[in-house]
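Analysis of the macromolecular model
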Amino acid sequence: MTLQLIPKPEEPAGKPVADRAYLRLAAQIQALVAQGEFAVGKRLPAERALAERFDVSRTSLREAIIALELQGVVEVRGGSGIYVCEPRPGVARLPTAQEPGAGPFELLRARCLVESEIAALAASTRNDADLDRIFEALTTMREQMMHKEENQEADRRFHLYIAQSTGNSVLLGTVTAMWDQAQGPIWEKIEQHFHTQELRQASQEDHQRIFSALVARDADGARQAMRNHLERVIGEFAQGWR
């Protein structure tokens, strides 16, 4: 069995596009900056205060701040706060709230739900060749701990090999498509802030627990280990700025 990307089906005509709430929130904050409520050079209110003011979750606010940072509206200074910047040309063009596609936390939550069940199924369906492939990816992640790109590629293979071991091409295509969505300016900025060696080390330990459950054919253990892994990643991204 070989890994392959299953083309994404076209959206049915007339199907409404999911609203990206964090981009609407970014537009609201940007409007307040333009109106002078948040002055250039000044620090924005604390994340908790902003979340309460706009009645949104901290994760939605985090996504909105990253979008504003990419547009040059704010600057995140680790350990200090979020500051309003002077307008500047040549910033990244971000999608609008109505364009198709998922936000980072929306995508991670979907992965948590889907990949946890896939891991449980894989514990029953995997064969020795599958375990060899998964172990190769796990070993490469450990060997490339200091190299972000190589570690990330092995991480991707680890998850795709688990999906492949179910023998279900739809599940493999689903996981592949979710991983392929995790790219672009928003994801690059998230990784700049949060993808640290410490995060990679914690993920390595998570992956080892997932692999051990697969070896033991422990479906419940594999499900929980995958869920714990992705929930921890979400939690890391949702914490305060480093």
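Just so we're clear, the structure is a prediction, and the values are computed from it rather than from any experiment. (Residues numbered from 1 in each chain as written. Predicted model: local features only at pLDDT ≥ 70, side-chain atom pairs only at ≥ 80, totals over all residues. Heavy atoms only, no water.)

**Here's the deal with the overall build of the protein chain**
Rules: A helix here means a DSSP run of H or I that spans at least four residues, while a strand means a run of E at least two residues long, and both kinds are numbered starting from the N terminus. Burial here depends on accessible area, computed with a 1.4 Å probe over protein chains only, as a share of the maximum for the residue type. Under 20% is buried, over 50% is exposed, and the range in between is partly exposed. Here, residues are in contact when the closest pair of their heavy atoms is within 4.5 Å. Computed by Shrake-Rupley with a 1.4 Å probe, the accessible areas treat only the displayed protein chains as cover when residues are assessed.
Check the secondary structure of the protein chain and you find ten helices and two strands. Helices (α) and strands (β) of the protein chain occur, in sequence order from the N terminus, as α-α-α-β-β-α-α-α-α-α-α-α. With 242 residues in all, the protein chain has 45% of them scored as buried. The long-range fraction of contacts in the protein chain, counting pairs at least 24 apart against all pairs at least 6 apart in sequence, stands at 75%. Surface accessibility of the protein chain: about 12500 Å² in total, with carbon and sulfur atoms responsible for 51%.

**Comments concerning the packing of aromatic side chains**
As a reminder, the rule being used: Pairing of aromatic rings covers Phe, Tyr and the six-membered ring of Trp, with a centre-to-centre limit of 6.5 Å; geometry is then stacked below 30 degrees between planes, edge-to-face above 60, and tilted otherwise. Remark: a charge is flagged as sitting over a ring if the NZ atom of Lys or the CZ atom of Arg is within 6 Å of the ring centre and within 35 degrees of the ring normal.
This model, assessed by the stated rule, comprises one aromatic pair. When the centroid spacing of 5.6 Å and the interplanar angle of 35° are considered together, the rings of Phe135 and Phe211 count as tilted. With Phe135 in helix 5 (residues 128–143) and Phe211 in helix 9 (residues 197–215), the pair connects residues that are 76 residues apart, well separated along the chain. The exposure class assigned to Phe135 is partly exposed, which follows from its relative accessible area of 42%. In this structure, Arg77 packs its charged tip against the face of Tyr83, placed 3.9 Å from the ring centre.

**Here we look at the side chain of Ser60**
With respect to the helices and strands, the residue Ser60 is situated in helix 3 (residues 58–70). Since its relative accessible area comes to 19%, Ser60 is described here as buried.

**With respect to the packing of helix 1 (residues 21–35) against helix 3**
The condition that has to hold: Comment: axis = line fitted to C-alpha atoms, over the contacting stretch for helices; angle = value between 0 and 180 degrees taken between N-to-C directions. Throughout this description, any angle smaller than 35 degrees is read as roughly parallel, any larger than 145 degrees as roughly antiparallel, any in the 65 to 115 degree range as roughly perpendicular, and the remainder as oblique. Here a crossing is taken to be left-handed if its near helix is turned anticlockwise relative to the far helix by less than a right angle, and right-handed if that turn runs clockwise. Residues were grouped as follows: Ala, Val, Leu, Ile, Met, Phe, Trp, Tyr, Cys and Pro as nonpolar; Asp, Glu, Lys and Arg as charged; and all remaining residues, including Gly, as polar.
Closest axis-to-axis distance for the helix 1/helix 3 pair is 8 Å, and the angle between their directions is 60°. The orientation of helix 1 relative to helix 3 falls into the category oblique. The interaxial crossing formed by helix 1 with helix 3 has right-handed handedness. Residue-level inspection shows Tyr22, Leu23, Leu25, Ala26, Ile29 and Gln30 of helix 1 in contact with helix 3, the latter providing Ser60, Leu61, Glu63, Ala64, Ala67 and Leu68. A class-by-class count of the residues in the contact of helix 1 with helix 3 yields nine nonpolar, two polar and one charged.

**Focus on the nonpolar core**
Nonpolar side chains tend toward joint burial in soluble globular proteins. Short version of the rule: Side-chain atoms within 4.5 Å are what join buried Ala, Val, Leu, Ile, Met, Phe, Trp, Tyr and Cys residues into a set we call a nonpolar core. Each domain's extent was defined by an automatic or database domain assignment.
In terms of nonpolar packing, the biggest core is built from 63 residues, with Phe38, Leu44, Ile65, Phe158, Ile162, Leu214 and Phe237 touching the most fellow members. Considering every element that reaches this core, the biggest residue donor is helix 4 (residues 104–125), with eight residues. There are two domains that each give this core at least three residues, and those are domain 1 (21–84) and domain 2 (104–240). For Ile162, the residues in contact, after removing those within four places along its chain, are Ile118, Ala119, Ala122, Ile134, Ile210, Leu214 and Met226.

**Section: the layout of surface pockets**
As a reminder, the rule being used: Space inside and on the surface of the protein is sampled on a 1 Å grid over the protein atoms alone, with a cavity defined as a set of points where a 1.4 Å probe fits but cannot get out and a pocket as an open set with protein on both sides within 12 Å along at least 5 of 7 lines; lining residues have an atom within 4 Å of a point. Grid points are joined across faces, edges and corners, and a volume is the space filled by probe spheres set on the points.
Approximately 600 Å³ is the volume attributed to the second largest pocket. Along its surface, the second largest pocket is lined by 30 residues, and Gln152, Asp155, Trp179, Glu191 and His195 are the ones closest to its centre. Of all the elements in the fold, those that place two or more residues in the lining of the second largest pocket are helix 4, helix 6 (148–164), helix 7 (169–181), helix 8 (185–194), helix 9 and helix 10 (219–238). With seven residues, the top contributor of residues to the lining of the second largest pocket is helix 6. In terms of residue class, the lining of the second largest pocket is made up of eleven nonpolar, ten polar and nine charged.

**With respect to the packing of helix 3 against helix 4**
Packing of helix 3 against helix 4 brings their axes to within 9 Å, and their N-to-C directions diverge by 130°. Between helix 3 and helix 4, the interaxial angle falls into the category oblique. On the side of helix 3, the interface is formed by Thr59, Arg62 and Glu63, while helix 4 contributes Pro104, Phe105, Glu106 and Arg109. Class assignment of the residues belonging to the contact of helix 3 with helix 4 gives a composition of two nonpolar, one polar and four charged.

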